[in-house]
Amino acid sequence: SQELEQSPQSLIVQEGKNLTINCTSSKTLYGLYWYKQKYGEGLIFLMMLQKGGEEKSHEKITAKLDEKKQQSSLHITASQPSHAGIYLCGADMDNYGQNFVFGPGTRLSVLP
Amino acid sequence: KAGVTQTPRYLIKTRGQQVTLSCSPISGHRSVSWYQQTPGQGLQFLFEYFSETQRNKGNFPGRFSGRQFSNSRSEMNVSTLELGDSALYLCASRLITGRSSPLHFGNGTRLTVT
């Protein structure tokens, strides 16, 4: 099984709606990163979370890290068509940067 | 500051040929990683180079190889191409290896093997 799981696998929302994507690790996290990918392009770095309880925001996207649950959530407020794409979480699974893994991704579609 | 640059952007090769992909990391970044992305398998780690040394290697056959130069630029080579090698190949650079350092990705090279 994957070290990082994401849910849901895909999501279709109406423009203006809020949504949440979750990323759960089966092992200790040493750093959690969120990325966005448009089809056929590279991954765009969104945010990095390191400490339990940490919360970061960028425009209408907020990410939180729950260290106890080894889980992170990405929340988008008032979604727009520009938010559509694949969201991937990535994580350092050791303290030396030698084991970086990605989740399988969540495909988001936003209907106008 | 320029981002991660990958060349070429698109490539079409036939089975049995070999291919070399190039990656220029962000200035100052010494770690370069390569990933293969396919619809069926998702993002899979190929290898990571740091200061011209391969630090980590994913579970890929020996046909996949790479190297890093003293200026941190990296190349990956795939020999004896197979149809299943068709994928988006992504390069990512990192300022340091370890925590507190996100990977920054290029736009990838789309390889099609016919």
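For the structure itself, consult the block above.
Residues numbered from 1 in each chain as written. Chains lettered and ligands numbered in written order. Predicted model: local features only at pLDDT ≥ 70, side-chain atom pairs only at ≥ 80, totals over all residues. Heavy atoms only, no water.

### Points about the overall build of chain B
Short version of the rule: Strands are runs of DSSP state E lasting at least 2 residues, helices are runs of H or I lasting at least 4, and numbering of each runs from the N terminus. Any two residues whose heavy atoms approach within 4.5 Å are treated as being in contact.
Helix and strand counts for chain B stand at zero helices and eleven strands. When the helices and strands of chain B are read in sequence order from the N terminus, they spell out β-β-β-β-β-β-β-β-β-β-β. For chain B, the spread of C-alpha atoms along the three principal axes comes to 40 × 25 × 25 Å. If you take every contact in chain B between residues at least 6 apart in sequence, the share linking residues at least 24 apart comes to 54%.

### What about the overall build of chain A?
What counts here: Each radius of gyration is computed over the set of C-alpha atoms, and the globule rule expresses the reference value as 2.2 Å times the number of residues to the power 0.38. The buried label goes to any residue with under 20% of its type's maximum accessible area, the exposed label to any with over 50%, and the partly exposed label to all in between, with areas taken from a 1.4 Å probe on protein chains only. Shrake-Rupley sampling with a 1.4 Å probe provides the accessible areas, and residues are treated as covered by the protein chains on show and by no other component. For the purpose of counting charges, residues Lys and Arg are taken to be positive, whereas Asp and Glu are taken to be negative. His and the chain ends are not included. Charged groups are reduced to one reference atom each: NZ for lysine, CZ for arginine, CG for aspartic acid, CD for glutamic acid.
For chain A, the count of helices and strands is zero helices and eleven strands. Starting at the N terminus and ending at the C terminus, chain A contains elements arranged as β-β-β-β-β-β-β-β-β-β-β. In terms of C-alpha radius of gyration, chain A reaches 13 Å, essentially the compact-globule figure of 13 Å for 112 residues. For chain A, the C-alpha atoms occupy an extent of roughly 45 × 30 × 20 Å along the three principal directions. When each of the 112 residues of chain A is scored for burial, the buried share is 48%. When contacts within chain A are restricted to residue pairs at least 6 apart in sequence, those whose partners lie at least 24 apart make up 56%. When the accessible area of chain A is evaluated, it comes to approximately 5700 Å², of which 47% is carbon and sulfur surface. Charged side chains of chain A number 11 positive and 11 negative; the gap between the two group centres comes to 6 Å.

### A look at the interface of chain B and chain A
How we decide: Accessible area that two parts lose when put together, with a 1.4 Å probe and added across both, is what the buried area reports. The term salt bridge refers to a pairing of a side-chain nitrogen on Lys or Arg with a carboxyl oxygen on Asp or Glu at a separation within 4 Å. Under the rule applied, a polar contact is a pair of N or O atoms within 3.5 Å (in protein, one hydrogen donor and one hydrogen acceptor; residues adjacent in sequence only if both atoms are side-chain atoms).
Listed by partner, the interface residues are 22 residues for chain B and 21 residues for chain A. Of the roughly 1700 Å² buried between chain B and chain A on both sides combined, carbon and sulfur atoms contribute 48%. Between the two partners, chain B and chain A, sit one salt bridge. Across the pair D92 of chain A and R94 of chain B runs a salt bridge, and its minimum N-O distance is 2.7 Å. Taken together, chain B and chain A are joined by six residue pairs in polar contact (both at pLDDT 80 or more). Put simply, the parts of the chain that give the side of chain B that touches chain A at least two residues each are β4 (31–38), β5 (42–50), β6 (53–57), β9 (87–94) and β10 (104–105) of chain B. Top element by residues in the side of chain B that touches chain A is β9 of chain B. It accounts for three residues.

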